[in-house]
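Chains, contacts and geometry: an overview
Each chain, letter by letter, is given below.
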Protein chains: 2
Amino acid sequence: MPELEKAEIDRLFHALGDPTRRAILDLLSRGPISVTRLAEPLAVTLTAVGQHLQILEECELVHTEKVGRVRTCRIEPAGFTRLEKWIKEHRSHWELSLDRLGEFLAEEDENANG
Amino acid sequence: MPELEKAEIDRLFHALGDPTRRAILDLLSRGPISVTRLAEPLAVTLTAVGQHLQILEECELVHTEKVGRVRTCRIEPAGFTRLEKWIKEHRSHWELSLDRLGEFLAEEDENANG
DNA sequence: GAAATACTGAAGTATCTGCTTGACAATCCC
DNA sequence: GGGATTGTCAAGCAGATACTTCAGTATTTC
């Protein structure tokens, strides 16, 4: 995997690792909403929400746009797509690894009984 | 989502958010291996690897078993499956949210032209 | 233009993370 | 038994993280 892509995956997992940020994504899945309204049900300040939004934007999980004094936030699919791609690529590796586990156990068995 | 499950997802994303831990998973995808051999290509001490392994075990991404003085590590599919499940569940939400974005934009358009 | 609204930025803080070192325990090999 | 190998535990530390407050800016509303 290219170094750059690795860093993106890094940020992506890091972003999704925080419960408040996942809560923000859940709220946004109900539709576009302003920062203030986003902050209301979350037990943190407006500033904190702004900081989370910046992180979510950097890994393309959220898109925001400011019109007048209101910043409207919505889900951005790009980050999510990237995550799915990572998983798809790794699932095959992991499945291979389970095959190798089979070989490993068979070998152990052979050594034990041989 | 149940509170307990949420905490599991929390640990899962947190675990995958660290590049060293993802490197460990990549090494393990080549097949089962001991802690010492796992630590060799990683630029950290044996102790650090042990700490990472504990985290990876807690979210069921890795299984380890100690026989004699050697702890053998391998991929455990459970955590990976849980991650795929989370994504599958959330993809539909996110797709709905993109539909709502369409509605949102249509509404805006209506307000602008009405 | 004044007051209210919706954010933004800087600075500070408590806690968490990843990592190290050094001492220790268990096991294997001779 | 003695020495090497393999891993574990406890403590400590530098840096990152999530969060706060407070002051400021831009925009809307009256």
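Rules used throughout
- Residues numbered from 1 in each chain as written.
- Chains lettered and ligands numbered in written order.
- Predicted model: local features only at pLDDT ≥ 70, side-chain atom pairs only at ≥ 80, totals over all residues.
- Heavy atoms only, no water.
- Helix = DSSP H or I, 4+ residues; strand = E, 2+ residues; numbered from the N terminus.
- Buried < 20%, exposed > 50% of the residue type's maximum accessible area, 1.4 Å probe, protein only.
- Contact = heavy atoms within 4.5 Å.
- Areas by Shrake-Rupley, 256 points an atom, 1.4 Å probe, with all protein chains shown as cover.
- Least-squares fit on C-alpha atoms with pLDDT ≥ 70 in both.
- Pairing = 2+ DSSP bridges.
- Axes fitted to C-alpha atoms, helices over the stretch in contact; angles between N-to-C directions.
- Near = heavy atom within 4 Å.
- Polar contact = N/O pair within 3.5 Å; in protein donor to acceptor, adjacent residues only side chain to side chain.
- Nonpolar A, V, L, I, M, F, W, Y, C, P; charged D, E, K, R; others polar.
- Expected span 1.5 Å × (residues − 1).
- Arc of directions from axis to C-beta.
- Core = buried A, V, L, I, M, F, W, Y, C linked by side-chain atoms within 4.5 Å.
- Buried area = accessible area lost by both parts, 1.4 Å probe.
- Salt bridge = Lys/Arg side-chain N within 4 Å of Asp/Glu carboxyl O.

Let's talk about the overall build of chain A
The helix and strand tally for chain A stands at five helices and three strands. Shown N-terminal to C-terminal, the secondary structure of chain A runs as helices and strands in the order α-α-β-α-α-β-β-α. Within the span of chain A, comprising 114 residues, buried residues form 37% of the whole. Considering only contacts in chain A between residues 6 or more positions apart, those separated by 24 or more positions represent 50%. Accessible surface, chain A: about 6,600 Å² in total, of which carbon and sulfur atoms supply 50%.

So, the relation of the copies chain B and chain A
Taken as rigid bodies, chain B and chain A are interconverted by a rotation of 180° and an axial shift of 0.0 Å, the fit giving an RMSD of 0.0 Å. The superposition of one copy onto the other is thereby described by a two-fold rotation axis. Closest approach to the rotation axis within chain B is made by the C-alpha atom of Phe13(B), at a distance of 2.8 Å. The share of interface residues of chain B whose copies in chain A are also at the interface is 100%, consistent with both copies meeting through the same surface.

Observations concerning the sheet that holds strand β3 (residues 70–75) of chain B
Either a parallel or an antiparallel arrangement is found when strands of a sheet pair, and the pairing is made through backbone hydrogen bonds. Residue and element names in this part refer to chain B. Sheet architecture is open: three strands sit in the order β1-β3-β2, paired in antiparallel fashion. Unpaired on one side and paired on the other, β1 (33–34) and β2 (62–67) mark the two borders of the sheet. Pairing of β1 with β3, which is carried by two bridges, proceeds in the antiparallel orientation. When the bridges of β3 are listed, Ser-34 appears paired with Thr-72. Helix-sheet contacts for helix α2 (residues 19–28) involve β1, β2 and β3, and the interaxial angle to β3 is about 90°. The strands touched by helix α4 (residues 46–58) within the sheet are β2 and β3, with β2 carrying the most contacts at an inclination of about 120°.

As for the protein's contact with DNA strand D
The immediate surroundings of DNA strand D are formed by 22 residues, with Thr45(A), His52(A), Thr36(B), Arg69(B) and Arg71(B) found nearest. Contact distances for DNA strand D include 2.8 Å between a phosphate oxygen and a side-chain N or O atom of Arg21(A). Residue Thr45(A) places a side-chain N or O atom 2.8 Å away from a phosphate oxygen belonging to DNA strand D. Of all elements in the fold, only α2 (19–28) and α4 (46–58) of chain A together with α3 (35–39), α4 and β3 of chain B reach the threshold of two or more residues within the surface near DNA strand D. For the surface near DNA strand D, the leading source of residues is α4(A), giving four residues. Grouping the constituent residues of the surface near DNA strand D by class yields six nonpolar, ten polar and six charged.

A word on α4(A)
Residues and elements named next belong to chain A. An ideal rise of 1.5 Å per residue puts 18 Å on 13 residues; α4 measures up with 19 Å between its terminal C-alpha atoms. Taken together, the buried positions of α4 are Ala-48, Val-49, His-52, Leu-53 and Leu-56. Projection of α4 onto a plane perpendicular to its axis shows the buried side chains occupying an angular sector of 140°, all on one side. Every exposed residue of α4 that faces more than 90 degrees away from the buried side is listed here: Thr-47 and Gln-51. Looking at the residues trailing α4, positive phi occurs at Glu-60, about 55°.

Focus on the nonpolar core
Ranked by internal contacts, the top residues of the largest apolar core, which has 54 residues, are Leu38(A), Leu61(A), Leu83(A), Leu38(B) and Leu61(B). Look past the residues within four positions of Leu38(A) in its chain and what remains in contact with it is Ile24(A), Leu27(A), Leu28(A), Ile33(A), Val49(A), Leu53(A) and Cys73(A).

Topic: the sheet that holds strand β3 (residues 70–75) of chain A
Residues and elements named next belong to chain A. The strand order across the open sheet formed by three strands is β1-β3-β2, and the pairing between neighbours is antiparallel. For this open sheet the edge positions go to β1 (33–34) and β2 (62–67), each flanked by a neighbour on one side alone. Contacts from α4 reach β2 and β3 within the one sheet, and its direction differs from that of β2 by about 120°.

A word on the interface of chain B and chain A
Think of interface size as the accessible area that goes away when the parts come together; that is how it is often given. The interface is formed by 37 residues belonging to chain B together with 37 residues belonging to chain A. For the pair chain B and chain A, the two sides together bury roughly 3,200 Å², of which 71% comes from carbon and sulfur. Of all residues in chain B, Arg22(B), Phe80(B) and Trp94(B) bury the most surface against chain A, accounting for 22% of the area lost on that side. Between chain B and chain A we count four salt bridges in total. The partner of Glu84(A) in a salt bridge is Arg91(B), with the nearest N and O atoms 2.8 Å apart. Connecting chain B to chain A are four residue pairs in polar contact (both at pLDDT 80 or more). Elements that contribute at least two residues to the side of chain B that touches chain A include exactly α1 (3–16), α2, β3 and α5 (77–113) of chain B. Here the side of chain B that touches chain A gets 15 residues from one element, more than from any other, and that element is α5(B).

None of the figures reported here should be taken as evidence of function without further support.
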